[in-house]
Amino acid sequence: MQLHDFLAVTHNKENLINFLIEHHLINKEIQCPKCNSNLEINTSNLTFRCYKVYYEQNNHKKRVKKQCSFQTSAKCATWFSKSKLDLETVCRLTAYFIMLLHKRTTMNSTCSFRNNSLPFPSFGLLILGGKNSTKLGGSDKIVEIDEAKIGKRKFNCGRIIKGNWIFGGYERESGKIFLKPTQHIERVWREVRANIPRYGTRTSHLAGYLAEFLFKRVHKFEDRLNSFFCAIAQLYPPKFQDVSEAATST
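Residues numbered from 1 in each chain as written. Predicted model: local features only at pLDDT ≥ 70, side-chain atom pairs only at ≥ 80, totals over all residues. Heavy atoms only, no water.

- Looking up the protein chain in an unreviewed UniProt entry gives the name ISXO2-like transposase domain-containing protein, with the organism given as Ooceraea biroi.

Take a look at the structure:
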């Protein structure tokens, strides 16, 4: 899916909710944990609410009419649970982050992470790195390994600025790579450096920049959005299991 196609989806709430349901980021139908009745999502406010009426015997053995009061958000324990932004905005910013080349400039000018509790960059970088590990080498395989230092002195003068060492490998036949930050010793490094800010890079952010680089190298441009949302669903599955999925699995 191309970026403009997905942005068109985000401008229609019903289509966006269907997209998120298809990618298992939110559930369409769940089972009420109190009365076991099936609940369908309310697309207007993204909630599940149970109105089932049932009868119970009280202490005097009389049947008393009661109504189930269970209610929960469809965003509970999902990728969207801690965000103060609306669903459409979060999805658009997610798409900008994963598809645009200069995503940091775009994201910073569009929205403040800290003020709006958007699940970036820490959650996003966790997803980028969590599902893209790959094994290199094997019989008759050649893997080239090297190290590079990410960092530069200001104006090439003055005191030496502390940099970050990265250890990596490149498998000749397949073009697969691996990258790992290291502090032990001193055609891919150019690409890696281009993806990392030259100044003001915190050591704690380095692993995230490498994860982003690996994700974009592993997944083709036209597949990135679907792959990223599928990875989100695996790392942040909805709290309650979808009833339709449970029925299919049984």
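Following the structure, the description resumes.
### A short note on the pattern of salt bridges
When the charged atoms of two side chains lie near each other, side chains of opposite charge can form a pair.
Move 1: In this structure the tally under the stated criterion is 3 salt bridges.
Move 2: Linking Arg 172 and Glu 144 is a salt bridge whose minimum nitrogen-to-oxygen distance equals 2.6 Å. Taken together, the positions of Arg 172 in the loop between β8 (164-171) and β9 (177-182) and Glu 144 in strand β7 (residues 143-150) put the pair 28 residues apart, joining distant regions of the chain.
Move 3: For Lys 216, the salt bridge identified is with Glu 212, shortest N-O distance 3.2 Å. Of the two residues, Lys 216 and Glu 212 are both situated in helix α8 (residues 203-218); the distance of 4 residues between them amounts to about one turn of the helix. The pair Lys 216 / Glu 212 is uniform in exposure class, with both members buried. (Salt bridge = Lys/Arg side-chain N within 4 Å of Asp/Glu carboxyl O. Helix = DSSP H or I, 4+ residues; strand = E, 2+ residues; numbered from the N terminus. Buried < 20%, exposed > 50% of the residue type's maximum accessible area, 1.4 Å probe, protein only.)

### Details of the packing of aromatic side chains
Move 1: Summed over the entire model, instances satisfying the criterion amount to 6 aromatic pairs.
Move 2: Here Phe 215 and Phe 228 contribute two aromatic rings whose centre-to-centre distance is 5.7 Å and whose plane-to-plane angle is 85 degrees, an arrangement assigned as edge-to-face. Here Phe 215 is found in helix α8, whereas its partner Phe 228 is found in helix α9 (residues 224-235), with 13 residues between them in sequence.
Move 3: Judged by relative accessible area, which is 0%, Phe 228 ranks as buried.
Move 4: The ring of Tyr 55 has Arg 63 lying over it, and the distance from NZ or CZ to the ring centre is 4.7 Å. (Phe/Tyr/Trp six-rings, centres within 6.5 Å; stacked < 30°, edge-to-face > 60°. Lys NZ or Arg CZ within 6 Å of the ring centre and 35° of its normal.)

### Some points on the pairing of strand β4 (residues 53-57)
Move 1: Bridge count between β4 and strand β5 (residues 63-67): 5 bridges; the pairing is antiparallel. Each bridged residue has a counterpart across the sheet, and for Tyr 54 the counterpart in β5 is Lys 66.
Move 2: In this structure, the hairpin formed by β4 and β5 is closed by a connection of 5 residues, where Lys 61 is found at a positive phi of approximately 60 degrees. (Pairing = 2+ DSSP bridges.)

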